[in-house]
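Tertiary structure, described
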Amino acid sequence: MSDTTEATPDTAALQAEVEAWLAAHWHGAPAREESFGRDPRAAWLAEVRDAGWAVPRWDAEWYGRGLDDAGARVVERAFAAAGAPGAGQDRSNLWANTALAHATDAFRRVIVPQLLAGEVGMCLLYSEPGAGSDLAAIRTRADRVEGGWRVTGQKVWTSGAHIADYGMLIARTDWDVPKHRGISFFFLPMQQPGVDVRPLRQITDESHFNEVFITDAFIPEDNLLGPLNGGWGVLQTALAYERSVMGDMARGARSGAKGARGDYALLELAQEAGQIDDPVVRQDVAQVIAWRVLNKLNTQRAKAELQQGTSSSIMSLGKLAMSRILHEEGRVRTSLLGPESLLEGPDHPRAEDANFLSLNAYFTSIGGGTDQIQRNIIGERVLGLPKEPEVDRTVPFRDVRSG
Amino acid sequence: MSDVAELPMAAERVTLSREERDALCDTVRRVFADHATEGDVRRVMDSDTGHDAVLWRALADVGVTGLLVDPAHGGSGLGPIELELVMEEAGAVIAPVPLISSAMAAVLLDGAYAERLAAGDLIAAVIFLDDYDWTGRGSARVVDDMASGVARFVPDAVVADVFVLTGSNGVWVVPRDAVTVTPLPTFDRTRRMGDVTLAGAATRIGTGAETQHAFDIGIVALAGEQAGGARRMLNMSTDYARERHQFGRAIGSFQAVKHMAADLLLEAESATSAARDAARQLAEDSVGKGGAGKDAALALAAFACADANLRCAKDGIQMHGGIAFTWDHPAHLYLRRARSGVQLLGDSSHWRERYIQALEAAQREAAV
């Protein structure tokens, strides 16, 4: 979609400034080396942060430049044009945004700059074996002790836990109020004896996630985000944030490459498989590509409308749309391959892709809230339909029957 | 692709700001609120012609009939983007007036015809010839400026003052009294059609280079109508799901109903995106900035909007339950309109095939 932002003298000067800065400082991507959770580009990201390009929408006090959206997009485009990472974190950095909005001043002074430079590894400690869709049913407890809290419980579906410095944790701090009102939100230090991380093997035979067993782990006072027992509200902003980027994160092939082939990948597979002249195949391929393109158009329109200041309902639909795309693409890819799809392994990359996609589609349709939960959210928050009655919403959590 | 530089509208394109577009939509919405109530639509639906002359005059008075007509001929000189927005409003109320035919005719007609069209004094029906005959059933042709054969399923044929025949090799005008119109018993009574038997002289007014653009204009107009219809059925159905109570609670609180609504929102949003993108691509194409993307965008809008509108109408009725199975409830009017829209200018399978052809063409372009 064409960019409708008009160049003004201000944005032209800004563009010149950021381009000059990049010309002087950016010398191509640093060599990627194994680093424990910290971003290998940390030195570069720190430079970007200190120059004010990481979060230009934020105030100067917080490494920003107080730019409006149009100005910030000038910065992001200049970085993208140079192939330089690190800009636009005021839109994309879940951890830094959450910390800035909700952390105590003492803690965010320390953590926000580290997060912007990728100097600390992070993970999410939300779901539990007994609290998936019903996240407010968590039973991990944080008990008040001298100087902070002691935490005990079990978390699941945590990616990067083994290399993380902090986990964004929700834990129950009051058992005598209804479930949503007794939860607090913390930054849990992960590198301590009471935190035990074990890998979880997925249906794709990969291990991107962990289970985290927490036994009497300590959280310092300053690491509470938002009010005590006000963690549910903090979580909502963090979750909305996560979902809005999830539609774009979805992987197609096992390699994760969407690459330049982009929308044409399925068309190319049909051609390679010698089936592109089959009218049924042509209809299926056209429909899947159409859904992908429609999802992109929806996202573009949502962003454009947000910039115009009108509220948009489209962002919440992206993840739901992507679920349908991935499951259907898995089906079409599999049918294109026929018996070849019975195989796996490096000698059968097309089968590997089709089979992986067919399984990994659930990453999108279950992860981050199932499609069914997304439909509830869309129905209730976007379309204004009434909530399903919840029998445990007003009951003290201590008295809620657990499954 | 047509040589769009020849089009009369390309020279005098007027562009509107977002605020001006909003104002245009407000104006049109007001006209529809006054003259296209459900009662109006039902009255017109049961009339002989199925045409709302009062609404048509009101639309002419605010400039809608001349939307695409060159300012030199009394029109507004606007383009596909504004047309699409107006059609969203029209689709929301099932306006029984020849908006799509007129939009297509506006880019084909010139001179006095264009002036009368803009003024709302002329209704023009469009007959597509040769490869452009989307019905695949017609035999209309023009040889040495003599028209013959039968054009099938011509929208607005019954009320047309003039017929515009357009194909690969020319554009011709034939007056109403030179043809025989056989009205068809259309399932969608708000979009009447007729078979047109041709036998006589036709006045040549163009080379045929305009035909593709006229067809594209029709696609954009129809897509806008379908996006508007999809949105209206979604809203009607969610409103009802909030109000209707069973088992002591609003039916919209049941996940079985709520999840249907969420899925329809995705359909309605996708239709809006597709229709607006097609309009934008066509607008850029008209000023020579478009390219390969235009064909894909139009094909996408043609089936995505048709399918979305049909799904919203169908599932919307299901969400309502028994009340929407009655004739007196408006939902079936939207389903009828959605079903006629799926056929008009080619069905969804046809357009999915055209879409993949456009993707293949873009793929070849990228390869060289």
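Presented here is a report on the structure given in the accompanying data block.

Each value, and the rule that gives it
Residues take numbers from 1 onward in each chain, read along the sequence in its written order. Both sets of labels track the order of writing: A upward for chains, 1 upward for ligands. In keeping with the model being predicted, local features are shown solely for residues with a pLDDT of at least 70 and side-chain atom pairs are shown and tallied solely at 80 or more, while totals for entire chains, interfaces and linings include all residues. Remark: hydrogens and water are excluded; side-chain values derive from all non-hydrogen atoms of the structure. Each axis is a line fitted through C-alpha atoms, taken for helices only over the stretch in contact, and angles between the N-to-C directions span 0 to 180 degrees. Numbering of helices and strands runs from the N terminus, with a helix taken as a DSSP run of H or I at least four residues long and a strand as a DSSP run of E at least two residues long. Should an angle fall under 35 degrees it is called roughly parallel, over 145 degrees roughly antiparallel, and 65 to 115 degrees roughly perpendicular, with every other angle called oblique. By convention the crossing between two helices is left-handed if the near helix lies anticlockwise of the far one by an angle smaller than a right angle, and right-handed if it lies clockwise. Any two residues having at least one pair of non-hydrogen atoms within 4.5 Å are treated as being in contact. Here the rule is simple: two strands pair whenever DSSP picks up at least two bridges between them. Classification of ring pairs uses Phe, Tyr and Trp, with its six-membered ring standing for Trp, and accepts pairs whose centres are within 6.5 Å; under 30 degrees between planes counts as stacked, over 60 as edge-to-face, and the remaining range as tilted. To sit over a ring, a charge needs its Lys NZ or Arg CZ within 6 Å of the ring centre and within 35 degrees of the ring normal. Here the term buried applies to any residue with accessible area under 20% of the maximum for its type, exposed to any over 50%, and partly exposed to those in between, with areas from a 1.4 Å probe on protein chains only.

1. Quick notes on the packing of helix α8 (residues 211-243) of chain B against helix α11 (residues 331-343) of chain B
Residues and elements named next belong to chain B. Two elements in contact, α8 and α11, have axes whose closest approach is 11 Å; the angle formed by their N-to-C orientations is 150°. Considering their axes alone, α8 and α11 lie roughly antiparallel with respect to each other. When the axes of α8 and α11 are compared, the crossing they make is left-handed. Two secondary-structure elements touch here, α8 through L222, E225, Q226, G229, R232, M233 and M236 and α11 through A331, Y334, R337, G341 and V342.

2. Points about the sheet that holds strand β8 (residues 203-206) of chain B
Residue and element names in this part refer to chain B. Pairing within the open sheet is mixed, and its 4 strands lie in the order β1-β4-β5-β8. Only two strands of the sheet have a single neighbouring strand rather than two, namely β1 (124-128) and β8. Adjacent strand axes in the sheet meet at a mean angle of 30° when their direction is disregarded. Strand direction decides the pairing type here: strand β5 (residues 170-175) and β8, joined by 3 bridges, are antiparallel. By the bridge assignment, W172 is partnered in β8 with R204. Across the sheet, helix α6 (residues 99-106) touches β1 and β4 (162-167), and the angle it forms with β1 is around 75°.

3. What to know about the packing of aromatic side chains
All names here are of chain A. Inspection of every chain in the model, using the stated rule, returns 17 aromatic pairs over all chains. An aromatic cluster of three or more residues is present, and its members are W21, W26, W44, W53 and F79. In this structure, R172 packs its charged tip against the face of W175, placed 5.8 Å from the ring centre. Geometry around F213 places R198 over its ring, the cationic atom sitting 3.9 Å from the centre.

4. Focus: the pairing of strand β4 (residues 166-172) of chain A
Strand residues, when the strand is regular, have side chains that alternate between the two faces of the sheet. All names here are of chain A. Most of β4 is tucked away: 7 of the 7 residues are buried. Residues Y166, M168, I170 and R172 point to one face of β4 and G167, L169 and A171 to the other, with burial holding for every one of them. Pairing between strand β1 (residues 122-125) and β4: 4 bridges, direction parallel. Residue M122 lies in a different strand from β4, and its bridge partner there is Y166. Of the strand pairs in this sheet, β4 and strand β5 (residues 183-189) are connected by 7 bridges, and their pairing is antiparallel. In the sheet register, M168 faces β5, and the bridge partner there is F187.

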